[in-house]
Amino acid sequence: MKLGLHYWSYSTPAEAAAIAPTLTEAATTAEQAGVASFTVMDHFFQMEAVAPAEEPMLEAYTTLGFVAAKTQRMTLGVLVTGVMYRYPGLLAKTVTTLDVLSGGRARLGIGASWYEREQRGLGVPVVPVAERFERLEETLRIVRQMWSDDNGPFAGQHYQLAETINSPQPLSRPHPPIMIGGGGEKKTLLLVARYADACNLFGTAAGADDVARKLDVLRGHCAAEGRDYDTIEKTVVAHRPPLADVDAFLAEVSSYAALGVTEVQVTPDRHPVEFARRLGDEVLPRLADIG
């Protein structure tokens with residue numbers, strides 16, 4: 001079982017000048033402790049459900065480029081890229097750039113964007129949910145084409161590209177892993193079966209039962225699409241804070257592992273450096289026995 005650190009807040013400590021050194025220390029401490037992946041959110045306002053929108057928030061891919069220069073081993077990605085925030089061809093180029101400069105450590109996490117306040121606030125088009133999923137599927141097709149030998153045109157309903165030249169190509173082979181986030185059973189998990197290398201689900205208070213049900217749906221989509229279910233990596237954002245009760249957290253992780261989940265992401269609930277350090281001291285040594 002791998003552990004991922006999902007860095008969702010830049011509010012601790014409170015001073016803007018402390019964001020970069022804190023981010024550096026948290027990321028390097030996590031990597032030294034054995035954390036396998038480092039992810040950030042694709043938001044421009046903080047999520048109102050967890051904190052005031054006015055709290056500090058950094059642009060995701062700039063942040064990952066910074067973290068790439070400070071680390072050596074962790075996979076780097078956005079959990080998850082909002083499909084409406086970047087033209088697909090430019091997104092493929094951005095992730096390629098991260099992959100090349102990080103030595104092949106990029107992962108494309110992507111999903112249907114949802115936070116309309118930040119979209120309206122910053123002038124990002126707000127479109128109906130059905131169209132967002134149409135755009136998501138076209139984006140997945142475009143990035144896969146750009147990460148292939150086909151540099152010809154792409155003609156979709158929402159996006160038209162005259163050329164899909166992408167030089168240099170990513171270092172990751174055959175391309176940076178594509179992870180689709182979300183548990184929507186009719187559309188999101190169907191797109192996972194068609195296009196993704198990994199899925200990302202949210203743990204809930206119900207524990208492994210909800211995740212098990214989502215994975216059963218994914219298995220059904222894979223059967224219908226002729227996709228080998230076992231080739232898709234299963235990842236989960238843990239519901240239970242890992243440091244509040246380590247034994248209970250590890251029991252939850254064990255239940256996910258029994259379902260075939262191979263990576264669990266956790267979010268800091270205190271100063272991020274302290275959180276990363278305690279993960280290394282209290283959680284990761286015991287996590288090695290799960291899998």
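Residues numbered from 1 in each chain as written. Predicted model: local features only at pLDDT ≥ 70, side-chain atom pairs only at ≥ 80, totals over all residues. Heavy atoms only, no water.

- Named according to an unreviewed UniProt entry, the protein is Probable F420-dependent oxidoreductase, Rv1855c family originating from Micromonospora coriariae.

1. Digging into the overall build of the protein
Okay, step 1: Of the regular secondary structure elements, the protein holds nine helices and eleven strands.
Okay, step 2: Against the 2.2 N^0.38 benchmark of 19 Å for 291 residues, the protein shows a C-alpha radius of gyration of 18 Å, consistent with a compact globule.
Okay, step 3: The 291 residues of the protein split such that 53% are buried.
Okay, step 4: Once local pairs closer than 6 in sequence are excluded, the contacts in the protein between residues at least 24 apart make up 73%.
Okay, step 5: Entry remark: accessible area of the protein is about 12,700 Å², with carbon and sulfur atoms responsible for 53%.
Okay, step 6: Averaging the positions of the 27 positive and the 36 negative side-chain charges in the protein gives two centres separated by 2 Å. (Helix = DSSP H or I, 4+ residues; strand = E, 2+ residues; numbered from the N terminus. Rg over C-alpha atoms; globule rule 2.2 N^0.38 Å. Buried < 20%, exposed > 50% of the residue type's maximum accessible area, 1.4 Å probe, protein only. Contact = heavy atoms within 4.5 Å. Areas by Shrake-Rupley, 256 points an atom, 1.4 Å probe, with all protein chains shown as cover. Lys, Arg positive; Asp, Glu negative; His and termini not counted. Charge placed at Lys NZ, Arg CZ, Asp CG, Glu CD.)

2. Section: the UniProt feature "domain: Luciferase-like" (unreviewed entry) in the protein
Okay, step 1: With numbering aligned to this structure, UniProt lists the feature "domain: Luciferase-like" (unreviewed entry) at residues 22-243.
Okay, step 2: Strand forms 15% of residues 22-243 and helix 40%; the C-alpha atoms that close the span are 20 Å apart. (UniProt positions renumbered as here; feature names shortened; annotations may be inferred.)

3. Focus: the nonpolar core
Okay, step 1: By size, the foremost hydrophobic cluster in this structure holds 84 residues, and its most contacted members are F38, L108, L218 and F249.
Okay, step 2: Among the elements that line this core, the one with the most residues is helix α9 (residues 272-287), at seven residues.
Okay, step 3: Excluding anything up to four places from it in sequence, L218 contacts L189, V192, A193, C199, Y229 and I232. (Core = buried A, V, L, I, M, F, W, Y, C linked by side-chain atoms within 4.5 Å.)

4. A closer look at the packing of helix α3 (residues 88-101) against helix α5 (residues 129-146)
Okay, step 1: Contact geometry for α3 and α5: axes closest at 9 Å, N-to-C directions at 50°. Looking at the two axes, α3 sits oblique to α5. For α3 against α5, the interelement crossing comes out right-handed. Residues P88, G89, L91 and A92 of α3 form the contact with α5, whose participating residues are T139, I142, V143 and M146.
Okay, step 2: Residue classes in the contact of α3 with α5 are distributed as six nonpolar, two polar and no charged. (Axes fitted to C-alpha atoms, helices over the stretch in contact; angles between N-to-C directions. Parallel < 35°, antiparallel > 145°, perpendicular 65-115°, else oblique. Left-handed = near helix turned anticlockwise from the far one by under 90°. Nonpolar A, V, L, I, M, F, W, Y, C, P; charged D, E, K, R; others polar.)

5. Things to note about helix α1 (residues 19-33)
Okay, step 1: Helix length check: α1 (15 residues) gives 21 Å between terminal C-alpha atoms against 21 Å at 1.5 Å per residue, within 8%.
Okay, step 2: For α1, the complete set of buried residues consists of I19, T22, L23, T24, A26, A27, T28, T29, A30 and E31.
Okay, step 3: Residues of α1 that are buried make contact with β1 (2-7), β2 (37-40), α2 (60-70) and α9.
Okay, step 4: At the exit of α1 stands G34, carrying a positive phi of roughly 110°. (Expected span 1.5 Å × (residues − 1).)

6. Concerning the side chain of Q46
Okay, step 1: By secondary structure assignment, the location of Q46 is in the loop between β2 and α2.
Okay, step 2: Judged by relative accessible area, which is 0%, Q46 ranks as buried.
Okay, step 3: A distance of 3.4 Å separates a polar side-chain atom of Q46 from the backbone oxygen of W8.
Okay, step 4: If we skip the residues at most four places from it in the chain, Q46 touches W8, S9, M41, A51, P52, A53, E55, M57 and Y115. (Polar contact = N/O pair within 3.5 Å; in protein donor to acceptor, adjacent residues only side chain to side chain.)

7. Some points on the pattern of salt bridges
Okay, step 1: The tally for this structure, following the rule as stated, stands at 19 salt bridges.
Okay, step 2: Across the pair R213 and E185 runs a salt bridge, and its minimum N-O distance is 2.3 Å. Separated by 28 residues along the polypeptide, R213 in helix α7 (residues 208-225) and E185 in the loop between β8 (178-181) and α6 (188-195) bring together distant segments of the chain.
Okay, step 3: The partly exposed category is assigned to R213, whose relative accessible area is 40%.
Okay, step 4: Of the charged contacts in the structure, one is a salt bridge between E282 and R278, with a shortest N-O distance of 2.7 Å. Remark: R278 and E282 occur in helix α9; sequence separation between them is four residues, near one turn of the helix.
Okay, step 5: Here R278 falls in the partly exposed class, since its relative accessible area comes to 24%.
Okay, step 6: A network of salt bridges, in which partner residues are shared, links D269, R270, E274, R278 and E282. (Salt bridge = Lys/Arg side-chain N within 4 Å of Asp/Glu carboxyl O.)

8. A look at the environment of M47
Okay, step 1: Within the element layout of this structure, M47 appears in the loop between β2 and α2.
Okay, step 2: Residue M47 is classed as buried on the basis of its relative accessible area of 17%.
Okay, step 3: When the C-alpha atoms of M47 and G184 are compared, they prove to be 20 Å apart, with 137 residues separating the residues in sequence.
Okay, step 4: With sequence-adjacent residues up to four places away left out, M47 is seen in contact with M41, W114 and Y115.

9. A look at unusual backbone geometry
Okay, step 1: Each neighbour pair has its own omega, and for S167 with P168 the value is 0°, a cis peptide bond.
Okay, step 2: When you line up the elements, P168 lands in the loop between β7 (160-161) and β8.

10. Describing the pairing of strand β5 (residues 106-111)
Remark: a regular strand shows side chains that alternate across the two faces of the sheet.
Okay, step 1: With six of its six residues buried, β5 lies for the most part within the structure.
Okay, step 2: Here β5 shows two buried faces, one formed by A106, L108 and I110 and the other by R107, G109 and G111.
Okay, step 3: Here two bridges tie strand β3 (residues 75-78) to β5, and the two strands are oriented parallel to one another. Looking at β5, one finds that L76 is bridged to A106.
Okay, step 4: In the sheet, β5 pairs with β8 via three bridges, with the strands oriented parallel. Note on β8: the bridge partner recorded for L108 is I178. (Pairing = 2+ DSSP bridges.)

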